[in-house]
Structure formats: structure tokens, C-alpha cells
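A structural walkthrough
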Amino acid sequence: MSTIHSEAAERWLKDFQSDFSKSAPESSWLQTSRRQAIAAFSTRGLPTTRMESWKYTSLSPMLATGFRLAPQVEDSAALPYIEKSLPANRMVFINGRYAPGLSNLRDTESLILIPLTEAISRYPQELEQCMVNPHLDNGFSALNEAFWQDGAYLRLAPHAKPDSPVYLTFVTLADQPCVTHPRVMLFIGENAALTLVENYVGKGPYLTNTQSAIHLEKEARLDYLRLQCESPAAHHIGEVSVIAEAGSSFQSHSIALGGVLARVSLSTRLNGNGASCKLHGLMIGHGHQHQDEHTHIQHAKPDTSSEEHYRSILDDASRSVFCGRVTVEEGASQSKAQQASHNLLLSREAEADTLPQLEIFNDDVRCSHGATVGQLDETALFYLKSRGIGQGEAITMLTRAFAQVILDSIINPFLQEKLGALIGDKLDKPQDGGAKHVFFHG
Amino acid sequence: MNTAAHELDTLINRDYEYGFESDIDSDMAPKGLSEETIRFISERKQEPGFLLEWRLKAYRHWLTLKSPNWSSVHYPPINFQDIIYYSAPKLRDNAPKSLEEIDPELLRTYDKLGIPLKEQELLAGVAVDAVFDSVSVATTFKDRLAREGIVFCSFSEAARLHPELVKQYMGSVVSYMDNFYAALNSAVFSDGTFCYIPPGVKCPMELSTYFRINAKNSGQFERTLIIADKGASVSYLEGCTAPMRDENQLHAAVVELIALEDAQIRYSTVQNWYPGDKDGKGGIFNFVTKRGDCRGSRSRISWTQVETGSAITWKYPSVILRGDDSVGEFYSVALTNNCQQADTGTKMLHIGRNTRSTIVSKGISAGRGQNAYRGLVKVLKGAENARNYSQCDSLLLGNRCAAHTFPYIEVKNPTAKVEHEATTSRIGEDQLFYCMQRGLSAEDAVSMIVNGFCREVFKKLPMEFAVEAQKLLGVSLEGSIG
Amino acid sequence: MLEIRNLNVSIGDKPILKGIDLHVKPGEIHAIMGPNGSGKSTLAQVLAGREGYTVTEGEILFENKNLLELAPELRAREGIFLAFQYPVEIPGVANIYLLKAAINARRKHQGLPELDAMDFLELTKEKLRLVGMDEALLYRPVNEGFSGGEKKRNEILQMALLEPKLALLDETDSGLDIDALKTVSEGVNALKNPDRAIILITHYQRLLDYIHPDRVHVLANGRIIRSGGPELALTLEERGYGWLETAEGIPA
């Protein structure tokens, strides 16, 4: 590790430890878990570009910032950042803490949606099992484990299929550089189905270091929409890990619009026969934005299938990194994997790096991937112009169409429409940060 | 197990055909690596001073490096003090004046390899620079080439006779600081091939070198330098075999190609070093740095490789597309059977405007073979209208092998167009059955389908090589269907 | 020439053929008709030796040899040819290469010398005319990018070259327009001879307008439920398979 990394890691640890205050006394296993995580962070430190999986994303500029744990702020300060009419099933977190006044909880027999702190007192044994001896891949997950303050806990009973989506909104308001460590835990019961939206917004310079753990039981289905609309000065590090049991299906849309530097790692383990996933992603970059999406799909059992489709649209001096790894394990016969990465460069200063990767340990599979980097299709542009459409408008049309391909696969029509409008805004008026990028802004 | 699987298993167990050992007196350096070893080599080769200096710089740099561990291959640590860095056949006189003077045992060795020099000289019209262990023992057709102004000789000879060319170009594509094995090679390289094609000359015949590792515990560190001056063109063939041994042997070569304006270099390799036995004992570690530099506008460098041998193959023949409108190509077939591992691919570095590159990689994994394609396509800011197309296909035969694809695509210019496609599959049962219904044996059917899979690459090989490559593929595949 | 006795075949646990008896003499043309899923293609596949089918009972004799003991390629070399319903694509392998390899495998088996390139090419060109196929297709990869009609013609071309004793044509008419059907049929008719038997497997009668069978068998639910002369096919065309199945007490 470089000096700057180890110095930052030390300083962060010291500062976070002194800032950390518990709202209530914690059970001894939880204290143990936090201690283990701190120890893990001390050994692992922060990732550097010398590590293969961080080769294209340098944290050096970010590490110069002295982040402190985010302080508590008034709920009302967050109002401009969330929509006026609150849909049902909604949780809002401000600076890492649960905001009951802005939330609309559902706590029924079929759908339990409560803050994580409450879940710990309600289901201590279950959560102890999930949280003790965690598998900490890197410094960021260790930091989250060590310093998380709250998060969302959701459990959907077997066969339950609520009509309306669940919304989790994480707002960070920073005057001084600060950091939050939110957590999300989702358990989707057998043959249950849910649509969930995870949304990140905020103001000022901050770092969101978030972790989501998702478990799909047999035949369960989750449509997961992850919308990263952080403030233009924000950093975002997100980890999502999914375990999909037999016959279940996981569909995700990871939309990265905000932040100056954002990195999302999504790992999906197809853990039972016939499990499947469809991962979609859209990165839009302007200014000096750096969007990094890493995915790893593990085919662990027979008859599993995966489809993956990520796109990036890059203007100004922005940059995107896509690394999609697909592993087909020895026992996963009859598996199918398909992957595509398409990148659109709109400016001379933009850069796209893409690494579609296949690791195959079974001969009875069908896997393919494709990647392209380039500009808008000249012929299409010419065709539009020949029909009397101006250059600028033609470019906008084709750029939107390029993004629309990803949105088309969003099943919920309401979400699809809203997101379409949001992305249209981002493409048209990139420099408006913050409030403009609020999801469902009235 | 079905019939096809059965026959393939029988096939797999066939032995390495080229595993004999020649009984020839060798003049060897003592084991181990030190400045003394390097001085010994340099002195034996009567090298000019600048070369010794360069070797020593490379050695000192090498001492600061650690052996790399980033690829997907696995092997035990190599003891670099346990290798003989110089081994030359002892000749009756100083050097052979003609083929007749060459140790008959040596000639028989070449016969066994299927490349009798005389026959080739007479029939094939191929100029062969045969490298036996570390010293070039015979160069044919020299006169013919000399008339065209072409220099085609051993590296040592070039260092003595054309020091200005060597000094100007050696290390200009692969610096001695490039990587661990390139540094090692730069320090201890014992011989290799040098080729210079003067401006406007089209080399009238295919040039070829056969390398062969013979002496026990000897590493082979050859160095090849090919320069095509303005408007020149050359096609170069390299073929390799090595005897069977239980110990692993190291082969760390460096190949540098330089194409000036409008020049073309086509470099073809059929690599069939000893792969180890079916339990993974023995075999060559083939850690090679190969790079071409399209230095001039409209130049073209094309790598074609058929890799069926070696316990571990680790190489990325690359092209630096510096000149405007230059073209880089990489066509590869890599086959791993039994316990072989291959991590191979290419790097295409687009610097000039309108540069184009094509990558076609066909990986075949059988037995417990591990096959990885690793390739980089990098388009730098100034590379207006750069184009790359990559196609990487993997074929798996049997359920204990593995195939990996790791492309790296980095694009910093919006006018570039980069496309990459990859597939992984196995031989369809319906394809096998179809061929067998037409009367072909399972073995022939597999071999035919695999050859079909590799056709795009074989097409790029010179005719005689393509035939050899197809045969080799059949032999290497033996016993591998599941 | 071909003697099928009480042939029972299943895929996994599922019985497909349930006691087929069929006797084919040299020079005869038999048509096997039947609705989808009746087991027609299974019969063809089993005759050619495809894996994945279990013969649970019965036997198949081909020229008094036990066919079930022979590997698929040996059956082919003995003279059994299957024109596939869905001819397989083999990327990178030139059509002409497969043809040559197949012919020479057969010749070697018969103790004949391999054909040299010139003789082979001449022979192939002659047969190309017979099936009305474009010579360019010889140099393209096997069946890759061929139209439906081209694939079927290619099958008949292979048959013409390999000169089988017993040809099985599995739904060779499917996917062909009327002109293609005519040329393919003419090709087959040209290959009729007193030593060669042909089994046509088809769903529709229309192929039989062009190739006239000596015997027609109706296969339904894994059994031959009716055999007769060419007139049987006409009745089927008129009344459909329903009446037969009802008549035999088998639900349609």
C-alpha cells in the first residue's frame, strides 16, 4: 500500500473511532463484530490501483479529504431532496440515521420493513448469525461493518407479492466532508416477489460507503433498482451481494448518474439449480465524473443463467470503468451466460475502460460476451439529418435512444417513466447537480 | 462415457513424438547466474564492449525485480541459480563451413524434427537458421539473401559484423527494464536470430529458425531482432520442439520487430515445446516477450501463433501502432491438454492516426488444461479513427478443463471504434454425430471440427506451416474428448 | 436388407417406439408417415445410431448384421445414410472437405483406394448437377449460412456421393418451396436403383407426388398402425391421421 493510502487509512480510523457514538448500548456480539471489522480494516487498508480490481479507479484524490462521521441534522433540511408525496413502503435515512418523520413504514406479517437497529433488538439471534465473522473483502466493507449506524431491514414472507414497490432513500447533507455507512438487508421468502428502489441523494462533499445484502429464497423474484444520484461533490462506494437460491430470479438496474467518483460492486451468486439473473447498468458521466461498475456473477449450480447489459455515455472529461466477471463453476453444467458492454464517447477528453471477463470451469455451457466503444452511428445520424433534424437534436435523440435500451427492461412502468425523465434531464442539463437529480422530484 | 469420449481418451495418452535426446558434447557455463556468468557468455561470443555493458545493466536491474504473479498460471518457484545459462555444442573446428562439417548427430536430430536442412535447402526454398541450444550452427541460403542486401544471421554474428544495427535497434522495442523475464533475457541471452531487410526489398523467401533445447538443465534465452526498413517486407517462421525431461526447463526469449515506413513483417510461430507428461511432470516454462513496433506510417506487423506445447505458456505478442495508418494483427491458436496451462494474448497499442488492429484468438482446452486469453486494446488520445476488432473463442473438450477470457479495453479517443466478441462452447454432440453418420471416426470428427474452429488462424500461416499446425493439433489433442 | 423386429425404444423412462416391425428389401421405397410426435424421427435416429435412445426390446438386422452393435460411423460405412431433418452447421470446416473425408472413410472400409483430388472433384461436380446445387457452396463451411433449401440439397448431394445401400430421408421435404422440392425429388429419383432401399419419413403426402413409394406405413404413438400401398397415402391426405387413430381406438 502506498504511503498516502496508509496515512489516510490511519487518519480515517482514528477520526471515525473518536466520532462514533451509539444511540443505545449494544450487545456484546455486535461490539465484537465491530472490533473484528476494525482489525480487518487495519490489515487490509484502503485499495490501491496496484490491486487488479482497482486498477482503473484511483482513490488518491479522495484520500486527501479528511472525512468525519456524518453528524445528525434536522429532518426538515432533507425535505428538498425527497419527493413531496410519499409513496407507501418507504424509508428515509438522513446522514446514516433513520428519519421516522419522513418514512412510511410497513410492518405487517407478510412484509416487515424496519430500521436495522430495531431489527437487532427484535431478532438478535438471526442478525448475530448474519453479522458475526463477516467475510470482509476489502477496507470499505470493513469500515462499513465497523461504523454503520443504521440501515434497512426487510423481510418478505413466502408467497407474498406486494403490488407497490419499496423505496429506500439515503440522503446525506454535508457542510464539511463527512461519511455515512448505511446498510441494507433484504430477505425475499420462497416464491415471494418484490420491486425495490435504493436511492442515494445529497448535498455537499461526502462519502457514502454502503453495503446491501440480498437473499432470494427458492423461486423468489426481486426487481432491484439502484439509483445513484449523489451530489456532484460526493464519493460513492457501494457493495451489493446477492445470493439467489434455486429457481429464483434477480433483476437489477444500476443507474449511476451522480458523484465525482463512484464505484459499485455487485456480486451475484446463482446458488441453486435454475437460478437466474439479469443485470443492467447505465453510467452517465459529465465534467470529471468517474463511474466504476464491477460485477461478478457466479454460476454455482446447474441450469443457471445470467444476462448482463451495461452501457455508459461519457461527455467532457468523464470516465467509465466496467468490469464484468462471469465464473461458471465446475458443477454448473448447462449454464448460460451472456454479457454485453457498450460505451459511447461524446467528447475528446472522455475515456471508457471495459473488461468483460469469462472464467469457465465446465464444458457444458454456452457463454458469450461482447463489448464496443465508439461514437454514435454515423449512418443513423445522417439518416436523421436527411429527414430535416438538426445535428444537435439528432445527437440528443440517438444518445437518449442509447440509454433507453437499458430502461426498456425496467418492468414497473411508473419507474420506467420516471427514470426516463430523470435521465433525459441529466443528459440535457448535466451541470445542474443536487436537487435536480432527486428521484421523483415534484 | 460415450464412444467418442473413449476414443479421445486413447488419443490423449499418446506420447510426445519429439522426445529424444541428442548425444553431443556441449561446452557449458557453470550453473548459476552472476556477473561472472554474464562475462563468460559475452567473452565466449567475442562480443563488442557495448553489449557486455548492456547485459550487465540488465542484470543489475533484474536483481531489483521480483518474479511476476499476476497471471492465471500456477507453477513452483524457479531457482535461477540452478540453470545453465550457456551451452554450446562443441564443434570439431571453430565453426562449420558447410552442412557437411556439422556434427552428423546434430543433423540427425534435425531429421527427427522433420526439418532436414539439405532437403529444405533443396526442396522448400526456405532459408533456415537453426539454433541448437544456444549457438547458431548453420545458416543456409546466406549468399542468396546477401545478394539482396538482406542480413540474416545469428545474433552473435550480427553483434560482431553489424554492431551499428544491433546497437541502434536492440532493446528499442523491449527495453531490458520491460519485465522480469525480459531483463533476465537481456542479461544472459546466448544467441538468436538477427534479420535486416534493406529499404524497398521484398525478402524472396520465407525465413525460418528452429529452436531446440537439448542440454539438461539449460535454459534457453534466445533473442530475435527483425528490422524491415522502409518499404521492405519479410515473412519469418519460428518452430520449436524440446526433448522430454522430468524437470521443468525455462525458456525466456525476447523477440523485437521493427517495421519502418510501408514495411511489413509477418511472424509465424508453431510452438511445440515438451508439454510435460499427462500428470504434469516436466515440461517447458515458456515465458516469452514478443513485441513489434510499427514505427513508420503504413507499416504492418502480423503475429500468427499456434501454441500446442510447453507446460506453461505465457506470452503476449504485441504491436505498438505508432505510425499513422499502421496495422497490427494477432492470430492465435492455443491448445492445452493434460496439465498444460496457457495465459496468452496480445496488446494492441494505438498511438498513430487511422491505426487498425485485428485480434483472432482460438483457445482449446482439453484434459485438465487451463487456457486463458488476456488481451489489451488501448487507444490513446491522438489515435484518431483507430479501429480494433477482436474475436476470442474458446472450445472446451472434457469437463475438467477451463477456459478464461480477460480482455482489457481502454479507449481515450471518441473517434475510435473498438469491438470485442467472445464465445465459449464445446463440440456439439449433433456436430459429432453428423460427421460420424457420414462415416468419420470420432477421432477424425473431433480433429476436423477443431481444425474448422481454428481455420481463420491457420489461413494466416504460410502453407507448409499450416499443414504442420493441423497435424500438430491432431497429435496434441489425442485423448481429449468428453 | 433391413429387418426391424419388435423394436422398443425409450428416451429416459419415456417409451417412444412400442414394438415396430418393418421389412425392407433392396430396390424398395418405403414411406413412413405420421403426425408430429409419433416417433418417426426417433426411428431414423435409432437406425443411424444416435446416442440418448435406449433400445429396451427388439432387434434391427441390416444385411443380416446386428445393427445395434455397430457404432454410427460403421453403420455409415456399411451403407446407411441419414439425410438429417435439421442438417448440422460446422463452422470453419469446408463442405468439400467433409465430403472427401466421408467418401474416403467409406472407400477405405470397402478396401478401395482413396480417391485422388481430381477424380473426387470430377465426381462431385457431376453430382452437383444432379441436385442442382451451386458449386460455390462446396467451399463454404458445412451448412453454415445455407438456406433451408440449400441445406437439404446438400444432404442429397452427400447421399449421391456416398451411394448408400439404405437411405433414410428424415422430413427432407420440410421447409422446401415447390421448386426446391422438385429438384430434390428428382435427385432422389435419380438415385433409385435395384440395390438401394430408400425410407422416406414425412408428415405430408406432397413429397410422395414426386417420389413414389412401394409401401406406405402410418406411425402413430410409437406403433405402425396401418401399412399399405401408395393409395394409403392418398387416403391419409384426404382424411387426415384422425380417422386412422380413431379407427384403431387410439385417441388422436
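Since the structure is predicted, the reported quantities are computational estimates derived from the model, not experimental observations.

Bringing the overall build of chain C into the picture now. The helix and strand tally for chain C stands at eight helices and 12 strands. A compact globule built from 252 residues should have a C-alpha radius of gyration of about 18 Å, and chain C, at 18 Å, falls within 12% of that. The principal-axis extents of the C-alpha atoms in chain C amount to approximately 60 × 40 × 35 Å. Expressed as a percentage of contacts within chain C between residues at least 6 apart in sequence, the contacts between residues at least 24 apart total 70%.

Within chain A, the secondary structure is distributed over nine helices and 21 strands. For 442 residues, the compact-globule estimate of 2.2 N^0.38 gives 22 Å, and the C-alpha radius of gyration of chain A, at 21 Å, lies within 12% of that figure. In terms of principal-axis extent, the alpha carbons of chain A reach across some 70 × 50 × 50 Å. Sequence separation of at least 24 residues holds for 82% of the intrachain contacts in chain A that already meet a minimum separation of 6.

Bringing the pairing of strand β16 (residues 318–321) of chain B into the picture now. Residue and element names in this part refer to chain B. Here β16 shows a buried face lined by Ser318 and Ile320 and a second buried face lined by Val319 and Leu321. In this sheet, β16 lies alongside strand β13 (residues 283–294) in parallel orientation, the contact comprising four bridges. By the bridge assignment, arginine 291 is partnered in β16 with serine 318. One ladder, built from three bridges, connects β16 with strand β19 (residues 347–350); its direction is parallel. By the bridge assignment, leucine 321 is partnered in β19 with histidine 350.

What follows covers helix α7 (residues 231–239) of chain C. Residues and elements named next belong to chain C. Buried within α7 are the following residues: Leu232, Ala233 and Leu236. One side of α7 holds all its buried residues, which, seen down the axis, span an arc of 100 degrees. Across α7 from its buried face, at more than 90 degrees, point the exposed residues Glu231, Glu238 and Arg239. Next to the buried residues of α7 lie β3 (29–33), β11 (215–220) and β12 (223–228). Where α7 terminates, the next one or two residues include glycine 240, which has phi positive at roughly 75 degrees.

A few words now on the interface of chain B and chain A. Taken together, the 32 residues of chain B in the interface contact 31 residues of chain A. Of all the secondary structure elements, the ones that give two or more residues to the side of chain B that touches chain A are β22 (387–397), β23 (402–411) and β24 (417–426) of chain B. Residues that form the side of chain B that touches chain A fall into these classes: 15 nonpolar, 11 polar and six charged. Of the pairings in the sheet, the one linking strand β20 (residues 351–360) of chain A to β23(B) comprises six bridges and is antiparallel in character. The residue bridging Leu358(A) from the neighbouring strand is Thr405(B), located in β23(B).

What follows is about the interface of chain B and chain C. A common way to report how large an interface is uses the accessible area buried once the components associate. Across the contact, 19 residues belong to chain B and 22 residues belong to chain C. It is helix α10 (residues 429–437) of chain B that provides the largest number of residues to the side of chain B that touches chain C, a total of seven residues. Here the residues of the side of chain B that touches chain C are counted per class, giving eight nonpolar, seven polar and four charged.

This brings us to the sheet that holds strand β1 (residues 2–11) of chain C. In any sheet, the strands associate via hydrogen bonds between backbone groups, in a parallel or an antiparallel arrangement. All names here are of chain C. An order of β2-β1-β4-β5 is seen for the four strands of this open sheet, with the pairing classed as antiparallel. Strand pairing shows two members of the sheet lacking a second neighbour, β2 (14–24) and β5 (65–66), which therefore form its edges. Two elements, strand β4 (residues 54–62) and β5, share two bridges in a ladder whose sense is antiparallel. Along β5, the bridge assignment pairs leucine 61 with asparagine 66. Across the face of the sheet, helix α1 (residues 40–48) comes into contact with β1, β2 and β4 while running at roughly 70 degrees to β2.

Positioned with a positive phi, Arg298(B) is a non-glycine residue whose angle comes to about 55 degrees. With 18 C-beta atoms counted inside 10 Å, the residue Arg298(B) sits in the partly exposed group. In this structure, Asn221(C) is a non-glycine residue whose phi angle is positive, near 50 degrees.

Residue and element names in this part refer to chain A. Here valine 240 shows up in strand β12 (residues 235–244). Residue classification places valine 240 among the buried positions, given that 22 C-beta atoms sit within 10 Å. Taking the C-alpha atoms as reference points, valine 240 and glutamate 219, 21 residues apart in sequence, are found 20 Å from one another. For valine 240, the contacting residues outside a window of four places in its chain are Ser212, Ile214 and Leu266.

What follows concerns the environment of Tyr373(B). All names here are of chain B. Along the chain, tyrosine 373 turns up in strand β21 (residues 370–379). Looking at tyrosine 373, the number of C-beta atoms within 10 Å reads 26, which means it is buried. Tyrosine 373 has contacts with Thr344, Gly345, Ser361, Gly363, Cys392, Thr405 and Phe406, leaving out every residue within four places of it along the chain.

This brings us to the packing of helix α5 (residues 148–162) of chain C against helix α6 (residues 178–190) of chain C. Residues and elements named next belong to chain C. α6 packs onto α5 with a crossing angle of 5 degrees between their chain directions and a minimal axis gap of 10 Å. Classified by the angle their axes make, α5 and α6 are roughly parallel. Seen from α5, the contacting residues are Gly149, Lys152, Arg153, Ile156 and Ala160; seen from α6, they are Ala180, Val184, Gly187 and Val188. Residues belonging to the contact of α5 with α6 are distributed by class as follows: five nonpolar, two polar and two charged.

A few words now on the nonpolar core. Generally speaking, soluble globular proteins have nonpolar side chains that are buried together. Membership of the largest hydrophobic core comes to 321 residues, with the highest contact counts inside it found for Val171(A), Ala228(B), Val234(B) and Leu168(C). It is helix α11 (residues 442–453) of chain B that contributes the most residues to this core, seven residues altogether. The contact partners of Val171(A), leaving out residues within four places of it in the chain, are Ala78(A), Tyr81(A), Ile82(A), Val92(A), Phe93(A), Ile94(A), Val201(A) and Gly202(A).

Turning our attention to the sheet that holds β12(C). All names here are of chain C. Within the open sheet, the six strands sit side by side as β6-β9-β10-β3-β11-β12. Their pairing is mixed. The sheet is open, and its two borders are formed by β6 (80–83) and β12, each paired with just one other strand. Neighbouring strand axes in the sheet, compared pairwise and without regard to direction, differ in orientation by 20 degrees on average. Here five bridges tie strand β9 (residues 166–170) to strand β10 (residues 197–202), and the two strands are oriented parallel to one another. Its bridge partner being in β10, alanine 167 is matched across the sheet by isoleucine 198. Contacts from α1 reach β3, β6, β9, β10 and β11, with the element oriented near 145 degrees to β9.

What follows is about the confidence of the model for chain A. Model confidence for chain A is summarised by a mean pLDDT of 89, while 95% of its residues fall at 70 or above. Note on residues 432–442 of chain A: pLDDT is under 50 here. Beyond four places in sequence and across chains, it has 28 contacts.

Further remarks concern the packing of α10(B) against α11(B). Residues and elements named next belong to chain B. Between α10 and α11, the least distance of the axes is 9 Å, while the angle of their chain directions is 125 degrees. Here α11 runs oblique to α10, going by the angle between their axes. You can see that α10 and α11 cross each other, and the crossing is right-handed. Residues Gln431, Leu432, Cys435 and Met436 of α10 pack against Ala442, Ala445, Met448 and Ile449 of α11.

The rules we used
- Numbering of residues starts from 1 in each chain and follows the order in which that chain's sequence is written.
- Key to labels: chains lettered from A, ligands numbered from 1, both in the order written.
- Local features in this predicted model are restricted to residues whose pLDDT is 70 or higher, and side-chain atom pairs enter the listing and the counts only when it is 80 or higher, whereas totals over whole chains, interfaces and linings include all residues.
- Note on conventions: DSSP H or I runs of at least 4 residues are helices, E runs of at least 2 residues are strands, and numbering of each starts at the N terminus.
- What the globule rule says is 2.2 Å times the number of residues to the power 0.38, and the radius of gyration is computed from C-alpha atoms.
- By definition, residues are in contact whenever their C-beta atoms, placed on the basis of the backbone, come within 7 Å of each other.
- Residues with at least 20 other C-beta atoms within 10 Å of their own are called buried, those with 12 or fewer are called exposed, and the rest are partly exposed. The C-beta atoms themselves are positioned from the backbone.
- Pairing between two strands is assigned when DSSP locates at least 2 bridges connecting them.
- As used here, the arc is the angular range of directions from the helix axis to the C-beta atoms.
- Ten residues, namely Ala, Val, Leu, Ile, Met, Phe, Trp, Tyr, Cys and Pro, are considered nonpolar, four, namely Asp, Glu, Lys and Arg, are considered charged, and the remaining ones, Gly among them, are considered polar.
- Lines are fitted to the C-alpha atoms to define the axes, a helix being fitted only along its stretch in contact, and any angle between axes, read from their N-to-C directions, falls within 0 to 180 degrees.
- An angle below 35 degrees is treated as roughly parallel, one above 145 as roughly antiparallel, one from 65 to 115 as roughly perpendicular, and anything else as oblique.
- To count as a nonpolar core, a set of buried Ala, Val, Leu, Ile, Met, Phe, Trp, Tyr and Cys residues must be joined through C-beta atoms within 7 Å.
- Here pLDDT means the predictor's own confidence in every residue, given as a number from 0 to 100.
- Here a crossing is called left-handed whenever its near helix is offset anticlockwise from the far helix by less than a right angle, and right-handed whenever the offset is clockwise.

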